[in-house]
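Close look at the chain arrangement
Listed below, chain by chain, are the residues.
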Amino acid sequence: MAVSSSVSFNILSPCPKPNRLTPRSSSSSSSSSQLQNSAPASVEATRLEPRVEERNGYWVLKEKFRQGINPTEKIKIENDPMKLVDDDWKGIEEMVDGVRFEEIDGSKGGRDDVDVRLKWIGLFHRRKHQYGRFMMRLKLPNGVTTSDQTRYLASVIRRYGEEGCADVTTRQNWQIRGVVLPDVPDILKGLENVGLTSLQSGMDNVRNSVGNPLAGIDPDEIVDTRPYNHLLSSYITANSRGNTTITNLPRKWNVCVVGSHDLYEHPHINDLAYMPAMKNGKFGFNLLVGGFFSPKRCAEAIRLDAWVSGDDVVPVCKAILEAYRDLGTRGNRQKTRMMWLIDELGIETFRSEVVKRMPDQTLERASPNDLVRKQWERRDYLGVHPQKQDGLSYVGLHIPVGRVQADDMDELARLADKYGSGELRLTVEQNIIIPNITNSKLETLLNEPLLKSKFSPEPPLLMRGLVACTGNQFCGQAIIETKARAMKVTEEVQRQVSVTQSVRMHWTGCPNSCGQVQVADIGFMGCMARDENGKPVEGVDVYVGGRVGSDSHLGDLYRKAVPCKDVVPVIVDILVNRFGAVPREREEVDE
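**Comments concerning the sheet that holds strand β25 (residues 556–563)**
Overall, mixed pairing links the five strands, which are arranged β20-β22-β23-β24-β25 in an open sheet. The sheet is open, and its two borders are formed by β20 (466–468) and β25, each paired with just one other strand. The mean inter-strand angle of the sheet, taken between neighbouring strand axes irrespective of direction, is 25°. In this structure, strand β23 (residues 522–530) lies alongside strand β24 (residues 536–544), joined through nine bridges in antiparallel fashion. When the bridges of β24 are listed, G523 appears paired with Y543. Against the sheet, helix α16 (residues 483–496) engages β20, β22 (505–508) and β24, with an angle of about 155° to β20.

**Comments concerning the pairing of strand β6 (residues 165–168)**
Covered by surrounding structure in β6 are C165 and D167 together with A166 and V168, the residues of both alternating faces. Between the antiparallel neighbours β6 and strand β7 (residues 174–180) lie five residues, among them Q172 with a positive phi of about 65°. As paired strands, β6 and strand β17 (residues 403–404) are joined by two bridges and run antiparallel to one another. Looking at β17, one finds that A166 is bridged to V404.

**Quick notes on helix α3 (residues 86–96)**
Residues of α3 that are buried include every one of D86, W89, G91, I92, M95 and V96, and no others. Buried residues in α3, looked at end-on, bunch into an arc of 145°, giving them a common side. Along its buried surface, α3 packs onto β2 (58–61), α4 (101–106), α5 (108–115) and α7 (184–193).

The rules behind these values
Residues numbered from 1 in each chain as written. Predicted model: local features only at pLDDT ≥ 70, side-chain atom pairs only at ≥ 80, totals over all residues. Heavy atoms only, no water. Pairing = 2+ DSSP bridges. Helix = DSSP H or I, 4+ residues; strand = E, 2+ residues; numbered from the N terminus. Axes fitted to C-alpha atoms, helices over the stretch in contact; angles between N-to-C directions. Contact = heavy atoms within 4.5 Å. Buried < 20%, exposed > 50% of the residue type's maximum accessible area, 1.4 Å probe, protein only. Arc of directions from axis to C-beta.

Structure, rendered in structure tokens:
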């Protein structure tokens, strides 16, 4: 069943101030007393008092809730990070104007700016492995980008030579590397010129809104997720000007809109997931809440027992975010994701707090008529596939562990222009789709050197599901190197066994699990291990049994602290015993 992608929503309006920030007016918020008066009996009314308040356009933690807060909260109180965005990037321009990086980094306030506050505009200092250089994370609603945007990003990373590269992330967006601080004001203006932003892409903000990578072109889609994700992104960033009403969350927050039976969007690991459902003849979404990964805990999203029409996608997102902002704790950052709040209050109390923040203070109960089919074999989007539009196809390209260079990006942009509509789609598996290709051009496209040599539409079965986080090449939190190792290990495994099905293998450098190892068939989480002589070496905890799709669930720990040099035989054993792989020697004998 396909549902029209026509969406309307009237809450967004032009920014009333000349600067980028859109402070929340007092008329749009519920007062503390209103929110406390209707506290459910099962939770003390004092616990439901909002912990933040608006001051001069920024949301600040109240003094009486500041005891025991974590260091990040103290940094936000000292100077709100969004002040760097004010007056068309004046804050960041003043920071870098004529000042050496070492001077900025030399003071405590400057160091807090460099390592923490700049993350609110998508800049992550690589202090440990690329001192003075930054990773910049983009917002890319639904993973859709253009050839012009891709060329611009290529031009940025090219100037940094070997230090510059880009990654497709597990949240369907770009990260570019090698950026130096003096270039940032010009880069930000360049992003704006091509319709991109990095604003609110890091730290205690809403991350990239994820959708179906085949939205609008899939013959079997339920609904085109692009308009919903664009509405969400426009609200979240106030049309790329900065929405200070939701930039002081207790922790990061993920959202996705599901449009496929395949659940390419991975709804069960998002803080908020919109699941298509009909109610009383009207299209809308049932809501899942609370999914997340962290070093201390991983949790699948649970039902909020709520349904909203397509017109209320943004109002309910706003209400949930404000409930989390107002009530979430701000102590131990390992216990500040939204699911911890849901656990503390109970799902019904949490739901009631969301209801209070809805425009009309009502929220319908969930619909029993889910549109996602329970029995559905997840399709592989790599390779050539027909679109719903007659005469057109899309081609899914395998991007090995998501890493691309400037020349690769220019070439991808050229291919999108020459064979498609100038559009590229990024996926959460770190791959890229070229849509809208006239069928008569397919053969020529498939013979392009880039597809023959690097980004194959038909990679080997063990390569096609391979995902890896940044690893310690750039990331200071990673315990092990991931991307090159994932490729090398997989190549060796391929030499030892033959498989008849794709097996999704994910690598992550640390327990933060940016590589999402818990949803993989086989996952590898970086840790320190000991070799046969008791010497500390890079190792992995191995997870097995994660699933995505209609029977989504998280994998289980299979073996702890395997030295990386010993992991190949462990993988071979798992593939033979659980996935029907055949050792190459035996295969040759059988032949």
